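Descriptive structure summary
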Amino acid sequence: MTSRALFFNLMREDLKKKIWIIVVAMITFIFINPVHTLMEIEGAYQNIYLKPENIAESMEYYLSGGYFGNTTLPALLAIVLGIAGFSFLFSKKKVDLYHSIPVKREKLFFSSYLNGILIYLGVYIVTQLLTIMTLVIQGLMTAGGWKTVGLTFVGTTIHFLSFYHVTIIAVMLTGNMLVCMAAVLTLLFYGPMTCQMIDGFFSQYFVTYYADYMGEKSWMAMSLASPVSSLIYFQSAANGEKGSIGLNLLVAFLIAVALLVVAVFLYKKRSSEVAGKALSYKVAEPIVRILVVIPVALLGGLYIQNMSNGLSGLWFWFGLLFTGILCHVIMEIIYRFDFKAGLNHKMQLAASLAVAALIALCIQYDWTGYDRYIPNENQIASAAVSFQSIDRDVNGYEINTNNDGKVTLTYVDKNTAVLDTMYLTDVQDVLALAQTGIEQLDYSQTNNHIMPRTIAKAVLVRKAVSSGNAANNGEKNEFTIRYRLKNGREITRNYRTDIDSTIEAMSRIYKQQEYKDAVFALLQIKDSGVLTSVCGYNIWGDKVLSATGSDMKELLDVYTEELNQLTIETLQNETPVLRLDSMFQSDGYEDSVYGYYVYPSFTKTIKKISELGVKSEEYSTEIKPEDIENIVVNDYGYLAALDGQENAEYNASASYYTENGSDDQAKIKELCNHIVLGDFQWSNGILHPVEQSIDCNIQLYRNSGMDRSGYGNIRLGEVPAFLENDLRENAVYY
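Owing to the predicted nature of the structure, the values given are computational and were not obtained by experimental measurement.

Quick look at the overall build of the chain
Tallying secondary structure elements over the chain gives 26 helices and 15 strands in all. By its C-alpha atoms, the chain is 105 × 65 × 60 Å across when sized along the principal axes. Out of the 734 residues belonging to the chain, those deemed buried represent 51%. Long-range pairs, those at least 24 residues apart, make up 75% of the contacts in the chain with a sequence separation of at least 6. For the chain, the exposed surface amounts to about 34600 Å²; the carbon and sulfur share of it is 60%. Positive and negative charge centroids in the chain, built from 57 and 74 side chains respectively, lie 17 Å apart.

Written out as structure tokens, the structure reads:
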């Protein structure tokens, strides 16, 4: 009984010392949560474009984990409470006093530990209730809002514990306030920093590296690196971004429990004599120093190399040595509180730099064979391929249900969505693509002149394709492959190749239904009930079609039927005549499912469009000279490339007007034979190569009296001789 009374007396005395934290936290939380929410409500009421139901939905954000006042503030409070609760360990007198109290260390630990949790709960719950009352009084508290409040409280509390426990561990490992603060930052950001360092090296030196920043698995893996990463993941998922909140919270809770066990263990083993020293455990000094020096040296090398803007790779090694030595010296000075100790433990410094150099060499020269990796066919369960150079206008979408029960669409990263949802079981063509990508590895993309990495075979292939690369004006075919292996691993690689060497394998993959279902979101969206209408736009941007109800459904049915039959050969040989935008409501405004084109061979779709009253001349892509008022051609480096003076600065253009007479009329007629209208061309531009450094502004005058204008490009290798001469005559060099 005496022990229990003493425990509560200790809690009461500890709480008195933290009154200032309660006051400051309460003021800060009130201002950033309920007061700020009230400001936002007043601002929303003044927005004439927001409907009442939209205001209520938008205000739910201030109850969610996505709002920094509900998550970031408690995390900062956890750090303050963690340091303040155990700061007595930095004073020898206070340590002797506390440890002389006749109570077990565990109870002494928890007397301060529980106060920190009670302070957080009191401040957070009071301010959250004030926010809820503010919304209730304004009639803006929805049923979904109560669910959000509960989820936010659970997620915030778990992450508070994670930050709290990490901070306490930092206190237990150190002996003074300055070193403790440095330790807190190190423990919180070491994981994210290391992940960023690895990502930086892979991006810099591996040609086939694919950084899946938008993928759920990558996000989830990052959340394991640190409470900071886990909190960011929770905030993003709460904001509606892709992620598993339940899994995130479960993992964070288990880690928080493990951290608490470590904190209690360290406190029990901590010697009272270490108060005032840099670190509490002598054995931790070399471990901490080496684990910090290695990534700092690598990051320093990478940073200084990037500062050099592609100069000699020696700058990387200078940066590695400079930052590695500097980090070692600073840590030694902090350990000993003596500038003379900066170069102590030279052998440990040498070993740290040697390990950092070995890691750098391993990545720079790809000793692991990362870029050349390709799994065996019998190892693969399925695969996915995303072609970034074709169908570039097609976006990714997800079908979602709002809190009010309305179904809507949200944008998602197309590349990530395709890789996540495509399951190709016939992988022979996928492996053929990968093999071609490996054969055409281009290490000139990497920095620092890593010539020893260049594979002889790749050099030969690269020389062979470079001579015929005029077929696509130097544009590379970029694609990403994801292998799902039978052992559960997922491996993703990105390649850039010549289009001619991969077009056959691409064509066979493009025909597979699994590919179409993953790439063309419209195939799943059309029957979801979310679409309100379909609008058709011609090459000049004119709206020529609007279909709703049964007309919309019938049009989408025939269009998607022919979309499923679309081939790369069609993309190569035909120019789209119409773009279909499927409209839907999103957050009170109208948006569209964009990037779906009608080709001349889509006979059923064109027939349906005609039945809806659209005449063929309204969506014709033919450029008739008699309809053209003028063409203005601009040169953005064409002449300089011809003359081998790519860095020349000049301005050149040529203008042709019908009203100027027969000479200009003849030139306009000739240009019409070589111009490709650009509005629909970009989506599959790699299949229709044009002169990238020349564009044409075209002004038309139609019999209806409507002025129309557009832009176009000249097909690759078809620049008329007269145009080159006119550009030279009009060129002004600087």
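Additional details are given in the paragraphs that follow.
A look at the packing of helix H21 (residues 549-563) against helix H23 (residues 603-611)
Two elements in contact, H21 and H23, have axes whose closest approach is 8 Å; the angle formed by their N-to-C orientations is 160°. When the interaxial angle is binned, H21 and H23 end up roughly antiparallel. H21 and H23 meet at a crossing whose hand is left-handed. Each of Asp551, Glu554, Leu555, Val558, Tyr559, Glu561 and Glu562 in H21 lies in contact with H23, whose residues at this interface are Thr603, Lys604, Thr605, Lys608 and Ile609. Residue composition of the contact of H21 with H23, grouped by class: 4 nonpolar, 2 polar and 6 charged.

Notes on the confidence of the model for the chain
Summary statistics for the chain give a mean pLDDT of 86 and a share of 90% for residues scoring 70 or more. Highest mean pLDDT in the chain belongs to strand E1 (residues 380-387) (96); lowest belongs to helix H17 (residues 456-467) (38). pLDDT under 50 marks residues 447-472. Its contacts with residues more than four places away, or in other chains, come to 52 contacts.

Overview of empty space enclosed by the protein
One pass over the structure, following the stated rule, counts 4 cavities of 30 Å³ or more. Leu571, Glu574, Thr575, Pro576, Tyr599, Val676, Leu677, Phe680, Gln681, Ser683, Asn684 and His688 together form the lining of the largest cavity. In the lining of the largest cavity, the residues fall into 6 nonpolar, 5 polar and 1 charged. Surrounding the second largest cavity, Asp391, Val394, Phe520, Tyr559, Leu563, Leu566, Gly595, Tyr596, Tyr597 and Tyr599 form its lining. Of all elements in the fold, only H21 and strand E9 (589-598) reach the threshold of two or more residues within the lining of the second largest cavity. Per element, the largest residue contribution to the lining of the second largest cavity is 3 residues, and it comes from E9.

Remarks on unusual backbone geometry
Despite not being glycine, His345 shows a phi value in the positive range, around 55°. Positionally, His345 belongs in the loop between helix H13 (314-336) and helix H14 (346-364). One non-glycine residue, Asp391, lies in the positive phi region at around 50°. Looking at the element boundaries, Asp391 is found in the loop between E1 and strand E2 (396-401). The exposure class of Asp391 is buried, given its relative accessible area of 5%.

Focus: helix H6 (residues 105-137)
Its 33 residues give H6 an end-to-end C-alpha distance of 48 Å, which sits within 8% of 48 Å, the value for a rise of 1.5 Å per residue. Of the residues trailing H6, Gly139 is marked for its positive phi of about 70°.

Some thoughts on the nonpolar core
In this structure, Tyr483 and Leu723 are the most contacted members of the largest nonpolar core, which totals 102 residues. Leave out the neighbours within four places in its chain, and Tyr483 touches Ile374, Pro375, Ile380, Ser382, Val430, Leu431, Ala434, Arg489, Glu490, Ile491 and Tyr495. Counting 66 residues, the second-largest nonpolar core is a separate cluster that includes Ile41, Tyr67, Leu73 and Tyr120.

Re the sheet that holds strand E8 (residues 578-586)
Taking strand neighbours across the sheet as the criterion, the 4 strands line up as E7-E6-E8-E9 in an open arrangement whose pairing is antiparallel. The sheet is open, and its two edges are formed by strand E7 (543-547) and E9, each paired on a single side. Here the average twist between neighbouring strands, direction ignored, is 25°. By the bridge criterion, 6 bridges tie strand E6 (residues 531-537) to E8 in an arrangement that is antiparallel. Residue pairing for E8: Gly536 is matched across the bridge by Leu580.

So, the sheet that holds strand E5 (residues 490-497)
Strand order in the open sheet made by the 3 strands is E1-E4-E5, with antiparallel pairing throughout. Each end of this open sheet is capped by a strand with a single partner; those strands are E1 and E5. Geometrically, the sheet is characterised by an average inter-axis angle of 20° between neighbouring strands, direction not taken into account. Across 7 bridges, E1 lies against strand E4 (residues 477-485) in antiparallel orientation. For Ser382, the partnering residue across the bridge sits in E4 and is Arg484. Contacts from helix H15 (residues 414-421) reach E1, E4 and E5, with the element oriented near 35° to E4. Sitting on the sheet, helix H18 (residues 499-510) is in contact with E1, E4 and E5, with an inclination near 50° to E4.

A few points about the packing of aromatic side chains
Going through the model one piece at a time under the given rule, you end up with 38 aromatic pairs. With a centroid separation of 5.1 Å and an interplanar angle of 85°, the aromatic rings of Phe109 and Phe110 are classed as edge-to-face. Among the residues examined, Phe110 registers a relative accessible area of 26% and is labelled partly exposed. With a centroid separation of 6.5 Å and an interplanar angle of 80°, the aromatic rings of Tyr510 and Phe520 are classed as edge-to-face.

About the cut-offs
Residues numbered from 1 in each chain as written. Predicted model: local features only at pLDDT ≥ 70, side-chain atom pairs only at ≥ 80, totals over all residues. Heavy atoms only, no water. Helix = DSSP H or I, 4+ residues; strand = E, 2+ residues; numbered from the N terminus. Buried < 20%, exposed > 50% of the residue type's maximum accessible area, 1.4 Å probe, protein only. Contact = heavy atoms within 4.5 Å. Areas by Shrake-Rupley, 256 points an atom, 1.4 Å probe, with all protein chains shown as cover. Lys, Arg positive; Asp, Glu negative; His and termini not counted. Charge placed at Lys NZ, Arg CZ, Asp CG, Glu CD. Axes fitted to C-alpha atoms, helices over the stretch in contact; angles between N-to-C directions. Parallel < 35°, antiparallel > 145°, perpendicular 65-115°, else oblique. Left-handed = near helix turned anticlockwise from the far one by under 90°. Nonpolar A, V, L, I, M, F, W, Y, C, P; charged D, E, K, R; others polar. pLDDT = per-residue confidence, 0-100. 1 Å grid on protein atoms, 1.4 Å probe; cavity = no way out; pocket = protein on both sides within 12 Å on 5 of 7 lines; lining within 4 Å. Points joined across faces, edges and corners; volume = space filled by probe spheres on them. Expected span 1.5 Å × (residues − 1). Core = buried A, V, L, I, M, F, W, Y, C linked by side-chain atoms within 4.5 Å. Pairing = 2+ DSSP bridges. Phe/Tyr/Trp six-rings, centres within 6.5 Å; stacked < 30°, edge-to-face > 60°.

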